[in-house]
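Chain by chain, the residues:
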Amino acid sequence: MELTKTKNDREVMIRMINIHKSFGDVHVLEGVNLNVYRGEVIAVIGPSGSGKSTLLRCINKLELINEGAIEIEGTIIESVNMPDYPVASNQQVKASLGKTGMVFQNFNLFPHMTALQNVIEAPIHVKKIKKEEAIALGKRQLDRVGLSDKYDAYPSKLSGGQKQRVAIARALAMSPDVILFDEPTSALDPELIGEVLDVIKKLAEERMTMIVVTHEMSFAKEISDRVIFMDNRNIVADSPPDEFFNNQEHPRIKAFLEKMLSNKN
Amino acid sequence: MALLDYVTTILPQMMIGLGTTLEMYFASLILVLPLGVIFAILKLMGPKPVRWILNVYTWAWRGTPLLLQLFIVIYGFPVIGINLPKFLAAAGVFCLNMSAYVTEIMRAAIGSVDKGQYEACKVLGMSYPQTMLRVIIPQSFRIALPPTCNEAINLIKDTALVSVINLMDVTRTAVIIANRDFRIVSYIIAFIIFLLLTSFMVKVFAYLEKKATAYD
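Residues numbered from 1 in each chain as written. Chains lettered and ligands numbered in written order. Predicted model: local features only at pLDDT ≥ 70, side-chain atom pairs only at ≥ 80, totals over all residues. Heavy atoms only, no water.

> In this structure, what is going on with the overall build of chain A? I would like to understand it.
The secondary structure content of chain A amounts to 9 helices and 10 strands. Relative to the compact-globule value of 18 Å for 265 residues, chain A shows a C-alpha radius of gyration of 19 Å, a close match. A principal-axis box enclosing the C-alpha atoms of chain A has dimensions of 50 × 50 × 40 Å. Considering chain A as a whole, with its 265 residues, one finds that 56% of them fall into the buried category. Put simply, of all contacts in chain A between residues at least 6 apart along the chain, 65% involve residues at least 24 apart. In chain A, which carries 33 positive and 36 negative side-chain charges, the distance between the mean positions of the two groups comes to 5 Å. (Helix = DSSP H or I, 4+ residues; strand = E, 2+ residues; numbered from the N terminus. Rg over C-alpha atoms; globule rule 2.2 N^0.38 Å. Buried < 20%, exposed > 50% of the residue type's maximum accessible area, 1.4 Å probe, protein only. Contact = heavy atoms within 4.5 Å. Lys, Arg positive; Asp, Glu negative; His and termini not counted. Charge placed at Lys NZ, Arg CZ, Asp CG, Glu CD.)

Now the structure itself:
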């Protein structure tokens, strides 16, 4: 495996080693290896059912792997059939998982809480931050995603784009080191996609480490440092966006890109 | 007017009956909601023996006639040496009966909350009790309210069963007056009283539902 090719000098933030995952008899991931470096924005693309979302959900243990090891910031959080990679203590695992944030396709906001309450829920009850401090923090995060006028709005009163921005603010309020985006714009009306992508773009400029599973090719092209293409239960390409989109030789990927682009019209 | 005179003479007796019905109703109802919620939570996340006991409880209480339960407690328990005041025993039976239904309603409501909510809690680092108490159960209330309202209305009518154990509620009073005077006016008054009571409870629950869905 050429895992750490040109990037030995940079800090590996997430290391996925030989990840196998199946649901019943269906194999979804077959020996996936991936390193994510601090400050990197990775776009994960590929056809449906190729394991993109599952890969992402394995990182924070929303899905448990069948084999392999996962390391976050030097802490091995999960290890199956990999004796060389002993799992850290429960406490360390929990702390490392706490360094990951996630944004879902369907937002998963708490419908019975206002935007601000959604954002401050975990800081108050998980991080045990004082309420006044949490409110200030929550407002800052909502300001950051351009929702200064929606503190007290319930999710039902927000558009899809606004909901997803609240979800991003909620993730940011836990000051994560990496944010995992699981198709953050797939549930949005086309005219609302831009406002969410703009927020993610802003985070990219601030060098937030992000892994974004997406179908937005132009977005992947524009903001990612690396494009990962998944097909048939594994990563089949891992390259900078220029190379990926402009000099694509791989026939499967070429066909996929052509299809994605023609769908746009 | 003869009818009006008659109504005014029997109304005070009917009102005493109404008092008994209301006491019985609210004495039964007051513990139902907390019990239903606590039982549902225990059924979902309690220790195994507790879950097993609660399963037997909802199974037995939902699976037998309320009238039979009433007879067993009122006439059966004294045989094995348990003597409860009649009113208290009846209220206890009604309470446990409705609680069995509300437990199942709450359990189903909790189960119907989207699994994305659990995932959102998990990625935010919330513990299971925090997830349940702060996110899942508050949302399940709103799902559980309409069927619970049905149960609350049923309970008003079920209290009429106390007439067979000789408690002088509205129904029992109406029957006695009708037999004594050979007139059915007392039945009509009882009919109206129950309609007013159930309408009032419908209003109360409509208000609660509005409160619970304020965020929609």
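> Would you explain the interface of chain B and chain A in this entry?
Accessible area lost upon the coming together of the parts serves often as the stated size of an interface. Taken together, the contact between chain B and chain A spans 18 residues of the former and 23 residues of the latter. In total, chain B and chain A occlude about 1800 Å² of area from one another, counting both sides; carbon and sulfur atoms represent 59% of this. Of all residues in chain B, the largest losses of buried area upon contact with chain A belong to Val123, Leu124 and Tyr215 of chain B, amounting jointly to 36% of the total for that side. Our count for the chain B to chain A interface comes out at 2 salt bridges. (Buried area = accessible area lost by both parts, 1.4 Å probe. Salt bridge = Lys/Arg side-chain N within 4 Å of Asp/Glu carboxyl O.)

> Quick question: what am I supposed to make of the side chain of Asn108 of chain A here?
Inspection of the secondary structure assignment puts Asn108 of chain A in the loop between β6 (100–103) and α3 (115–125). Residue contacts for Asn108 of chain A: discarding those within four places in its chain leaves Arg170 of chain A together with Asp114, Gly116, Gln117 and Ala120 of chain B.

> Whenever I open this one, the nonpolar core confuses me. Can you help?
Looking at soluble globular proteins, one finds that nonpolar side chains tend to be buried together. Membership of the largest hydrophobic core comes to 99 residues, with the highest contact counts inside it found for Ile14, Met16 and Ile211 of chain A. Sort the elements by how many residues they give to this core and helix α5 (residues 86–111) of chain B lands first, with 13 residues. When neighbours within four sequence positions are excluded, Met16 of chain A is seen to be in contact with Val32, Asn33, Leu34, Asn35, Leu55, Cys58, Ile59, Ala69 and Ile70 of chain A. (Core = buried A, V, L, I, M, F, W, Y, C linked by side-chain atoms within 4.5 Å.)

> I tried to follow the sheet that holds strand β2 (residues 26–37) of chain A on my own but got confused; where do I start?
Strand-to-strand pairing in sheets goes through backbone hydrogen bonds, with the strands running parallel or antiparallel. Residues and elements named next belong to chain A. Strands sit in the order β2-β1-β4-β5 across an open sheet of 4 strands; the sheet is antiparallel. Of all strands in the sheet, those bounded by a partner on one side alone are β2 and β5 (75–80). Averaged over neighbouring strand pairs, the angle between their axes works out to 10 degrees when direction is ignored. Taken together, the 5 bridges between strand β4 (residues 67–72) and β5 define a ladder with antiparallel strand orientation. (Pairing = 2+ DSSP bridges. Axes fitted to C-alpha atoms, helices over the stretch in contact; angles between N-to-C directions.)

> Before we go on, may I ask you to explain the confidence of the model for chain B in this structure?
Low pLDDT means the predicted atomic positions in that stretch should not be read closely. Per-chain confidence: chain B averages 92 in pLDDT, with 100% of residues scoring 70 or above. Of the two predicted TM-score estimates for the complex, the pTM is 0.86 and the ipTM is 0.91. (pLDDT = per-residue confidence, 0-100.)

> Just checking my understanding: could you explain the packing of aromatic side chains for this structure?
The way to describe two aromatic rings as a pair is by their centre distance and the angle between their planes. Throughout the structure, instances matching the rule amount to 8 aromatic pairs over all chains. A ring pair is formed by Tyr154 of chain A and Tyr215 of chain B, whose centres lie 6.1 Å apart and whose planes are at 40 degrees; its orientation type is tilted. Here Tyr215 of chain B lies in the segment after α9 (185–212) and Tyr154 of chain A lies in the loop between α4 (131–144) and α5 (160–172), a pairing that spans two chains. Relative to Phe244 of chain A, the ring of Phe229 of chain A lies with its centre 6.2 Å away and its plane at 35 degrees, an arrangement referred to as tilted. Of this pair, Phe229 of chain A sits in strand β9 (residues 226–231) while Phe244 of chain A is found in helix α8 (residues 241–246), placing the two residues 15 residues apart along the sequence. Note on accessibility: Phe229 of chain A and Phe244 of chain A belong to one class, buried. Among the aromatic side chains, those forming a connected cluster through ring pairs are Phe229, Phe244, Phe245 and Phe256 of chain A. Sitting above the plane of the Phe110 of chain A ring, Arg170 of chain A keeps its charged end 4.6 Å from the centroid. Sitting above the plane of the Tyr6 of chain B ring, Arg183 of chain B keeps its charged end 4.3 Å from the centroid. (Phe/Tyr/Trp six-rings, centres within 6.5 Å; stacked < 30°, edge-to-face > 60°. Lys NZ or Arg CZ within 6 Å of the ring centre and 35° of its normal.)

> Sorry if this is basic, but what is going on with the pattern of salt bridges here?
Any two side chains of opposite charge can pair, on the condition that their charged atoms come close. Residues and elements named next belong to chain A. Inspection of the entire model under this criterion finds 19 salt bridges over all chains. Notably, a salt bridge pairs Asp231 with Arg252, separated by 2.7 Å at the nearest N-O pair. One end of the pair, Asp231, is in strand β9; the other, Arg252, is in helix α9 (residues 251–264), and 21 residues separate them in sequence. Classification of Asp231 by relative accessible area gives buried; the value is 8%. Under the relative-accessibility criterion, Arg252 is labelled partly exposed at 46%.

> What is the right way to look at the packing of helix α2 (residues 32–45) of chain B against α5 of chain B in this model?
A pair of packed helices is characterised by two quantities: the angle between their axes and the separation of those axes. All names here are of chain B. One can describe the packing of α2 onto α5 by two numbers: an axis separation of 7 Å at closest approach and a directional angle of 50 degrees. Here α2 is positioned oblique relative to α5, judged by the angle of their axes. You can see that α2 and α5 cross each other, and the crossing is right-handed. Where α2 abuts α5, its residues Val32, Leu33, Leu35, Gly36, Val37, Phe39, Ala40, Lys43 and Leu44 lie against Cys95, Met98, Ser99, Val102, Thr103, Glu104, Met106, Arg107 and Ile110. (Parallel < 35°, antiparallel > 145°, perpendicular 65-115°, else oblique. Left-handed = near helix turned anticlockwise from the far one by under 90°.)

> Help me out: how do you make sense of the side chain of Thr54 of chain A in this one?
Looking at the secondary structure, you find Thr54 of chain A in helix α1 (residues 52–59). Other than its neighbours up to four places away in sequence, Thr54 of chain A contacts Lys21, Phe23, Val28 and Leu29 of chain A.

> Would you mind going over the pairing of β2 of chain A with me for this structure?
Strand residues, when the strand is regular, have side chains that alternate between the two faces of the sheet. Residues and elements named next belong to chain A. In terms of residue burial, β2 counts as a mostly covered element, since 9 of its 12 residues are buried. Of the pairings in the sheet, the one linking strand β1 (residues 12–23) to β2 comprises 9 bridges and is antiparallel in character. Residue Arg15 lies in a different strand from β2, and its bridge partner there is Asn35.

> What exactly am I supposed to notice about the environment of Ile136 of chain B here?
Residue and element names in this part refer to chain B. In this structure, Ile136 sits in helix α7 (residues 128–158). Ile136 gets classed as buried once you look at its relative accessible area, which sits at 0%. Along the backbone, Ile136 and Arg62 are 74 residues apart, and their C-alpha atoms lie at a distance of 25 Å.

> Explanation requested: the sheet that holds strand β8 (residues 209–213) of chain A in the structure shown.
Residues and elements named next belong to chain A. Sheet architecture is open: 6 strands sit in the order β6-β7-β8-β3-β9-β10, paired in mixed fashion. Edge strands, defined here as strands with exactly one partner in the open sheet, are β6 and β10 (234–239). Ignoring which end each strand starts from, the neighbouring axes of this sheet average 20 degrees apart. Summarising the sheet, β9 and β10 pair through 5 bridges and their orientation is antiparallel. Note on β10: the bridge partner recorded for Val227 is Ser239. Sheet contacts for α5: β6 and β7 (178–182); angle to β6, the most-contacted strand, approximately 170 degrees.

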